[in-house]
Amino acid sequence: MAEQINRKWLVAAYPDGMPTAETFELAEEPAPTAGPGEIVVRNIWLSVDPYMRARISDRASYAAPVAVGDVMVGGTVAQVVASNSHLYSVGEVIVTQGGWQDYCLLGPAQQDASYRVDRALPLSCSLGVTGMPGATAYFGLLRLGKPSAGDTLVVSAAAGAVGSVVGQIGKMHGCRVVGIAGGPEKCGLCTDTFGFDACLDYKAEEDLAASLQQACPDGIDIYFENVGGPVLEAVAPLLKDGSRAPICGFISQYNELALQPPWDVINSLGKRIESRFFLVSEWLGEMPKARRELSTWVQEGKLTYRESVAKGLEKAPEAFIGVLTGRNIGKQVVRISATH
Ligand SMILES: NC(=O)c1ccc[n+]([C@@H]2O[C@H](COP(=O)([O-])OP(=O)(O)OC[C@H]3O[C@@H](n4cnc5c(N)ncnc54)[C@H](OP(=O)(O)O)[C@@H]3O)[C@@H](O)[C@H]2O)c1
């Protein structure tokens, strides 16, 4: 049999500002072989996510950067093609950290951190609506946003992987949900498909603060923060005393050299607001239960999702830059190979 080749995207240089085509470099090597206790997986789907911007930067973050010359990290759905492990057999499909490449060698610790894919839904859902982004929405909203009927919930990056799930879970809890997203197509999706009560196009609004005030006449009880920057500036004055503002991310600032963290803006309001930055990994032990519940909601038609699919590993950098510039609708994934 011909030797299998592993194509892999290496980090070529940390970008100043927005990543470019020069940030990553495509390399090839023979596919790995499994040693004792190891497995080799072939990636089928790759997730590209905003957090990856922090991995190609020297700026202090909650996780170490990927060294220049190393394979770019990323969650994948992957099929086991060789196994010397009692944990997974050849042919099984798992969710793992397979990186931006065709094949990945997984030792015992990486196998422990992996899990079998949810077969009740299309495989890519395990990277989106029932995967890390879905769980982020689930825990961030339910544990920190604490939604209850009648609350006004505002969510930014509303048509994205996390935001779309936040709004839909908010609706399940009887909230009045107002999304903020870029462009008419995304706003239409939020109201017509995800069932939000309203969605404001922050790119088109002449006075976002005034439009938000109209959309939220009684103020905001929960703000699920995904973007920071000018959107937060418009939201902040409407936050009520006693409101909750889970800080999930602040994507508008990720390419800025002098970033303005949302907690500075929220704390400066001098109001009684429960707000903190959180990481989905805080609820690691409860993740299987959350995944099951999200999957059940999708199967029952209570939760829906959209995906933007880039075809081919070679498209990974473009897809990643697309997430940072708002080209994606719903969860951005990259199709690397077919299932066998
Ligand atoms: N804390 C955690 O554990 C955790 C886990 C996962 C994700 N996150 C965070 O959650 C947020 C959403 O992530 P996601 O995976 O669901 O991504 P996503 O929303 O699917 O994609 C990112 C979206 O951000 C919006 N965006 C980009 N630049 C922007 C800007 N300058 N101003 C306003 N919006 C901008 C774009 O939508 P528009 O077209 O609407 O602008 C883009 O489509 C990110 O901040 C991410 O870092 C946090």
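On a predicted model such as this, the values are computed, not experimentally measured, just so you know.

What counts, and at which threshold
Residues numbered from 1 in each chain as written. Predicted model: local features only at pLDDT ≥ 70, side-chain atom pairs only at ≥ 80, totals over all residues. Heavy atoms only, no water. Helix = DSSP H or I, 4+ residues; strand = E, 2+ residues; numbered from the N terminus. Buried < 20%, exposed > 50% of the residue type's maximum accessible area, 1.4 Å probe, protein only. Lys, Arg positive; Asp, Glu negative; His and termini not counted. Salt bridge = Lys/Arg side-chain N within 4 Å of Asp/Glu carboxyl O. Polar contact = N/O pair within 3.5 Å; in protein donor to acceptor, adjacent residues only side chain to side chain. Contact = heavy atoms within 4.5 Å. Near = heavy atom within 4 Å. Areas by Shrake-Rupley, 256 points an atom, 1.4 Å probe, with all protein chains shown as cover. Nonpolar A, V, L, I, M, F, W, Y, C, P; charged D, E, K, R; others polar. Domains from an automatic or database assignment. Phe/Tyr/Trp six-rings, centres within 6.5 Å; stacked < 30°, edge-to-face > 60°. Lys NZ or Arg CZ within 6 Å of the ring centre and 35° of its normal. Buried area = accessible area lost by both parts, 1.4 Å probe. Pairing = 2+ DSSP bridges. Axes fitted to C-alpha atoms, helices over the stretch in contact; angles between N-to-C directions.

1. So, the side chain of Asp201
Mapped onto the secondary structure, Asp201 falls in strand β10 (residues 198–201). Notably, Asp201 is buried but unbridged: the nearest opposite-charge side chain belongs to Lys203, and the N-O separation is 6.8 Å. Here Gly183 takes part through its backbone nitrogen, which lies 2.8 Å from a polar atom of the side chain of Asp201. The contacts of Asp201, once residues within four sequence positions are left out, are Ala181, Gly182, Gly183, Pro184 and Cys187.

2. Some details on the site of the ligand
Contacts to the ligand come from 27 residues, most closely from Val162, Lys186, Tyr202, Tyr254 and Asn328. Between Cys248 and the ligand, the recorded distance is 2.9 Å, taken from a backbone N or O atom to a nitrogen atom. Here the ligand, which alone exposes 900 Å², has 91% of that area covered by the protein. Listed by contribution, the elements that provide at least two residues to the shell around the ligand are α3 (132–145), α4 (161–172) and α10 (316–325). Of the residues in the shell around the ligand, the class split is 17 nonpolar, nine polar and one charged. A domain split of the shell around the ligand shows at least three residues from each of domain 1 (5–128 + 305–335) and domain 2 (132–281).

3. Observations regarding the packing of aromatic side chains
Overall, the coordinates contain 13 aromatic pairs when judged by the stated rule. Measuring from centroid to centroid gives 5.0 Å for Tyr138 and Phe139, while their planes differ by 80°, and the two rings are edge-to-face. Here the two residues Tyr138 and Phe139 agree in accessibility, since each one is buried. Through a chain of ring-to-ring contacts, the aromatic side chains of Tyr138, Phe139, Phe224, Phe278, Trp283 and Trp297 assemble into a single cluster. A cation over an aromatic ring shows up here: Arg291 above the ring of Tyr115, its NZ or CZ 3.5 Å from the ring centre.

4. Thoughts on the domain arrangement of the protein chain
By the assigned domains, the protein chain splits into domain 1 (5–128 + 305–335) and domain 2 (132–281). Distance from the C-alpha centre of domain 1 to the C-alpha centre of domain 2: 28 Å. At the interface, 22 residues of domain 1 touch 21 residues of domain 2. A per-residue breakdown of the area domain 1 buries against domain 2 is headed by Arg59, Arg306 and Ile329, which together make up 32% of the total. Remark: the boundary between domain 1 and domain 2 carries zero salt bridges.

5. Some remarks on the sheet that holds strand β12 (residues 239–247)
Strand order in the open sheet made by the six strands is β10-β9-β8-β11-β12-β13, with parallel pairing throughout. Of all the strands in the sheet, just β10 and β13 (274–277) have a single pairing partner and so form its edges. For this sheet the average axis-to-axis angle between neighbouring strands, irrespective of direction, equals 20°. Pairing between strand β8 (residues 152–156) and strand β9 (residues 176–181): five bridges, direction parallel. Note that in β9 the partner of Val154 across the bridge is Val178. Packed on one face of the sheet, α4 meets β8, β9 and β11 (220–224) and runs near 170° to β8.

6. Digging into the pairing of strand β3 (residues 39–47)
Buried residues dominate β3, accounting for nine of its nine residues. Relative to strand β6 (residues 103–106), β3 runs antiparallel, the two sharing four bridges. Directly across from Ile39, in β6, lies its bridge partner Leu106. For β3 and strand β15 (residues 331–335), the ladder comprises three bridges, and the chain directions are antiparallel. Bridging from a neighbouring strand, Trp45 pairs with Arg335 of β15.

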